[in-house]
Amino acid sequence: MKTISVHSERNYTVTTDCNWRDELGAIARGRVRMAVIHSSAMTEAVHIVGEIDTEIFYFSIPDAEAGKNLATLSKLWDWLGAAGFTRSDLIVGVGGGAVTDVAGFAAASWLRGIDWVAVPTSVAGMVDASIGGKTGINSEYGKNLIGAFHSPIKVLVDFSWLTTLSDRDFCAGMAEVIKCGFIADGGIIDLLRNKAVLELRSDFNSVARIIDAAISVKANVVSQDFKESFAREVLNYGHTLGHALEIHSKFALRHGEAVSIGMVFAAELAHIKGLLSAEIVEEHRLVLGGLQLPIAYPRAAWPELLPLLSLDKKTRGNSLRFVALTSIGETVRIENPLEIELRTAYERICS
């Protein structure tokens, strides 16, 4: 096991390569009630066996983005009330990033905040969604627009979950890992360069090392800037267009797939602005494309995507801004790029 510390409104640790049931049993000891929130597809996988003196309630919610809404949260509130949850009880989110986002927000909003534990089961959940204290749900007007900062007391990363993922879901999560490499740790890019999906998945030690490195990047950024005053925005590299693509595709694209396209777009925009070399732009295509991630989107979609960019959380008033690179590990902000610059960058990623 490895332990990575996060310092925010509370200090907590991310424990990797652990047995999540064993670790959770120790955390729950002495608690009267524990709510395990999970996706409907994982009902059998999350069952906790063995002796535990805590009353366990299992709450199933719809899979992925389908469950990340006010209707789901309202049902959770009703369940928690009916079960008599108090401030000394515990909420646990077991699942991908959407599940831990909802579970964390339920914990943040119930009785103005109770303890919760994240058990991420996807790559993206392990390296991104479960760490940093961002919790929330989607609005009809955009992703993650309703939420709160409420850190877990513990994150439990059990690598055995990775064997349950399809190649598509595994690679979609690796987009967030690659993002960490581009913004902060070039060693991640070195490890993933020229790696095919089957080769990577068959090398457990490399996968564990890469995920640990990405978690360390996220933990370090969050510890410097918990509430996203400025520094934490680097974690949104590729997300400005990425979130627009998710909405435009009606979530047919996985989050990581949309971010993959968004990173290539951001790299092209930085190149157009004279900030980034053509070689690093091409590096984006090679590393992301090598893991079968999409790096292009239909040309005809641009008129519909442009207004969706303004829904990004980094927007301030009418000021649109992008996280960009000047080199691997060096980030800047592009403020209010010209529409012609945005369109030109998009044309370079058109399928």
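Calculation notes
- Residues numbered from 1 in each chain as written.
- Predicted model: local features only at pLDDT ≥ 70, side-chain atom pairs only at ≥ 80, totals over all residues.
- Heavy atoms only, no water.
- Pairing = 2+ DSSP bridges.
- Helix = DSSP H or I, 4+ residues; strand = E, 2+ residues; numbered from the N terminus.
- Axes fitted to C-alpha atoms, helices over the stretch in contact; angles between N-to-C directions.
- Contact = heavy atoms within 4.5 Å.
- Phe/Tyr/Trp six-rings, centres within 6.5 Å; stacked < 30°, edge-to-face > 60°.
- Salt bridge = Lys/Arg side-chain N within 4 Å of Asp/Glu carboxyl O.
- Buried < 20%, exposed > 50% of the residue type's maximum accessible area, 1.4 Å probe, protein only.
- 1 Å grid on protein atoms, 1.4 Å probe; cavity = no way out; pocket = protein on both sides within 12 Å on 5 of 7 lines; lining within 4 Å.
- Points joined across faces, edges and corners; volume = space filled by probe spheres on them.
- Nonpolar A, V, L, I, M, F, W, Y, C, P; charged D, E, K, R; others polar.
- Arc of directions from axis to C-beta.
- Polar contact = N/O pair within 3.5 Å; in protein donor to acceptor, adjacent residues only side chain to side chain.

## As for the sheet that holds strand β2 (residues 11-16)
Sheet architecture is open: seven strands sit in the order β1-β2-β9-β6-β5-β3-β4, paired in mixed fashion. Two strands in the sheet have a free side with no partner beyond their single neighbour: β1 (2-7) and β4 (55-61). Recorded for the sheet is a direction-independent mean angle of 20° between the axes of neighbouring strands. Bridging between strand β3 (residues 33-39) and strand β5 (residues 90-95) involves five bridges; their strand directions are parallel. In the sheet register, A35 faces β5, and the bridge partner there is I91. Along the sheet, helix α2 (residues 70-83) makes contact with β3, β4 and β5, crossing β4 at roughly 160°. On the sheet, helix α8 (residues 204-224) packs against β1, β2 and β9 (154-157) and is oriented at approximately 20° with respect to β1.

## Quick word on the packing of aromatic side chains
Each aromatic ring pair is characterised by the separation of its centres together with the angle its planes make. Within this structure, the stated rule accounts for nine aromatic pairs. With 5.9 Å between their ring centres and 35° between their planes, W20 and W161 make a pair best called tilted. One end of the pair, W20, is in helix α1 (residues 20-28); the other, W161, is in the loop between β9 and α5 (167-183), with 141 residues separating them in the sequence. Taken together, the ring pairs connect F57, F59, W79 and F85 into an aromatic cluster.

## Topic: the pattern of salt bridges
For the coordinates displayed, the defined rule picks out 21 salt bridges. A salt bridge links R168 to E257; the shortest N-O distance between them is 2.7 Å. Here the residue R168 occupies a position in helix α5, and E257 occupies one in helix α10 (residues 255-272), the gap between them amounting to 89 residues. The class for E257 is buried, based on a relative accessible area of 8%.

## Structural notes on empty space enclosed by the protein
Per the counting criterion, the structure on display carries two cavities of 30 Å³ or more. Each pocket or cavity is described by its volume, and for the second largest cavity that value is around 40 Å³. Contributing to the lining of the second largest cavity are 12 residues, with G238, H239, T240, A266 and F322 lying nearest its centre. For the lining of the second largest cavity, the elements supplying multiple residues, two or more each, are α9 (239-248), α10 and β10 (321-327). Classifying every residue of the lining of the second largest cavity by side-chain character gives six nonpolar, five polar and one charged.

## Re the environment of L235
Assignment of secondary structure puts L235 in the loop between α8 and α9. The class of L235 is buried, set by a relative accessible area of 6%.

## Considerations on α1
The complete set of buried residues in α1 reads W20, L24 and A28. Seen along its axis, α1 keeps its buried residues to an arc of 60°; they face one direction. The inward-facing, buried residues of α1 contact β3, β5, β6 (115-120) and β9. Measuring from the side-chain oxygen of the N-cap residue of α1 to the backbone nitrogen of R21 gives 3.1 Å; that N-cap residue is N19.

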